[in-house]
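# Survey of secondary and tertiary structure
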Amino acid sequence: MKPSIRAKLEQLAFRREELDGVLSMADATANMDQYRKFSREHAEIGAVVALWREFLQAEADEHTAQEMLADPEMRDLAESELADTRASQARIEHALQLELLPKDPNDARNLFLEIRAGTGGDEAALFAGDLLRMYTRYAERQGWRVEIASASESDLGGYKEVICKVIGTGAFSRMKFESGGHRVQRVPVTETQGRIHTSACTVAVMPEADEVGEVDINPADLRIDTFRASGAGGQHINKTDSAVRITHIPTGIVVECQDDRSQHRNKAQALSVLAARIKDGQLRAAQAKEAATRRSLIGSGDRSERIRTYNFPQGRITDHRINLTLYKLDAAMDGDIGELIDGLTAEHQTELLAQLTGEE
C-alpha cells in the first residue's frame, strides 16, 4: 500500500475516534444541525475505517505467520496462513481504494432522461422510441419509476423528442454514462428494397436538482408562454391553455410540458427540467475543463460523441468507449443493459484509481 494512502486512512481512523468522542458527549444534541453534520460524517467514514482495521489485522496475522515459519513443525501451517492473509490484504486494499475514490455528489439523485431523434428522419424517431422502451424496461428491473415529462411524437409512432423523469435511489449513478450519440443500423419498416440504413439519436442524462432554487435562475430571465395541449388527452385537455413553454433567455434553453391537465403542474415540471438542463450544462463545462488536462472518454458528457452502435442484422451492440461488443441486442433492447453499465462503471473506477495511486 502506498504511504500516501496509508496516511490518509490513518487520518480517517483518527477522525472517527474524534467523532466517537464528540457524539457521545452529554450535550451532543444541544446543536442539532451540528449533531446531524457530525453524525453524517461519522456514517460516511465508518465503512472505510472498518475496512482499514480489517487490513491492519490481516497485516498483524501475516507477521504472526512469518514468525511461525521458524518452527519446522509449524511451517506448512504458516505458509498456508501467509497465503491466506496476503490474499485478504490484496482484497481489502482494493476495497479500500474504491472507498477512497472521490464521490460524485449527484450519484444518489433522480434524473431527467432526454432522447432526441437525429439523422434518419422517421427511422431515427422510431429508434428514439426503442431507446425509451429500453431505458424504461431497465428502470423497471431496478425498481425505479419512470414519468414522461414531455413528448413530441412522430407520425409513425416514435418520438422526435421525449423527456422523462427516472425516480429511484442511485438512478443517476447507474445511468450517467448513457449521454451521447446512439447509432442504429437496421432495415427500416419503410424500406422496400431491404437496404440497411443508419440513423442516430442523442441521449442526455441529467441529474435532478434537489430544488429549482439549487440552480440560480433569475425569474427576469424567463419567458413563460401557455398554450393549448395537442395530441392524446381527450377533449378536456384541449379546452384550456394548460401546456407551458419556458424559455431561459440567457442560454436559449426551451422546455415544454403539456402531459398534465394542470397548468400549475406543467409549469413546475418544466421548471424542474429547465433546472436540470442548466445544471447539466454546468457539469459538462466542468468536465470539458477537466478533459483539457486529462483525456477521459467515460463521462466526458460530449453529446456529439458517438458512444454506442446497435446493429440489428448482426444482433450486436457495441460501446465504443470501452470496446465492448455483446451479441445480445434483443435482450438489451428489452432493458438488459446491466453488463454495459457495469463495464462503463468499472472503466470509470479504473480511471479514478489510476489518479488515486499516481499512475498514468
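These numbers were taken from a predicted model, which means no experiment stands behind them.

Moving on, we come to helix α2 (residues 32-68). Each α-helix turn comprises 3.6 residues. Residues three or four places apart therefore point the same way. Spanning 37 residues, α2 covers 52 Å between terminal C-alpha atoms, matching the ideal 54 Å at 1.5 Å per step. Along α2, the largest kink reaches about 40° and is centred on G46. Where α2 is concerned, the buried positions are F38, H42, I45, G46, V48, V49, L51, W52, F55, A58, E62 and A65. Contacts from the buried residues of α2 go to α1 (3-23) and α3 (75-100). For α2, the capping residue at the N-terminal end is N31, with a side-chain oxygen 3.3 Å from the backbone nitrogen of D33.

As a further point, take the sheet that holds strand β4 (residues 180-186). What the eight strands build is an open sheet, ordered β2-β3-β1-β5-β4-β9-β10-β11; its pairing is mixed. Single-partner strands in this sheet number two, and they are β2 (145-153) and β11 (324-326). Across the sheet, the axes of successive neighbouring strands diverge by a mean angle of 15°, strand direction being ignored. In the sheet, β4 pairs with strand β5 (residues 197-207) via seven bridges, with the strands oriented antiparallel. If you follow Q185 over to β5, its bridge partner there is T198. Each of β1 (111-117), β2, β3 (159-167), β4, β5 and β9 (306-311) is contacted by helix α4 (residues 121-142), which is oriented at about 110° to β4, the strand it contacts most. Here helix α9 (residues 338-356) sits on the sheet and contacts β9, β10 (316-319) and β11; the angle it forms with β11, its principal contact strand, is near 170°.

What counts as what
Residues numbered from 1 in each chain as written. Predicted model: local features only at pLDDT ≥ 70, side-chain atom pairs only at ≥ 80, totals over all residues. Heavy atoms only, no water. Helix = DSSP H or I, 4+ residues; strand = E, 2+ residues; numbered from the N terminus. Expected span 1.5 Å × (residues − 1). Bend = angle between axes of the 7 residues up to and from the residue. Buried < 20%, exposed > 50% of the residue type's maximum accessible area, 1.4 Å probe, protein only. Contact = heavy atoms within 4.5 Å. Polar contact = N/O pair within 3.5 Å; in protein donor to acceptor, adjacent residues only side chain to side chain. Pairing = 2+ DSSP bridges. Axes fitted to C-alpha atoms, helices over the stretch in contact; angles between N-to-C directions.

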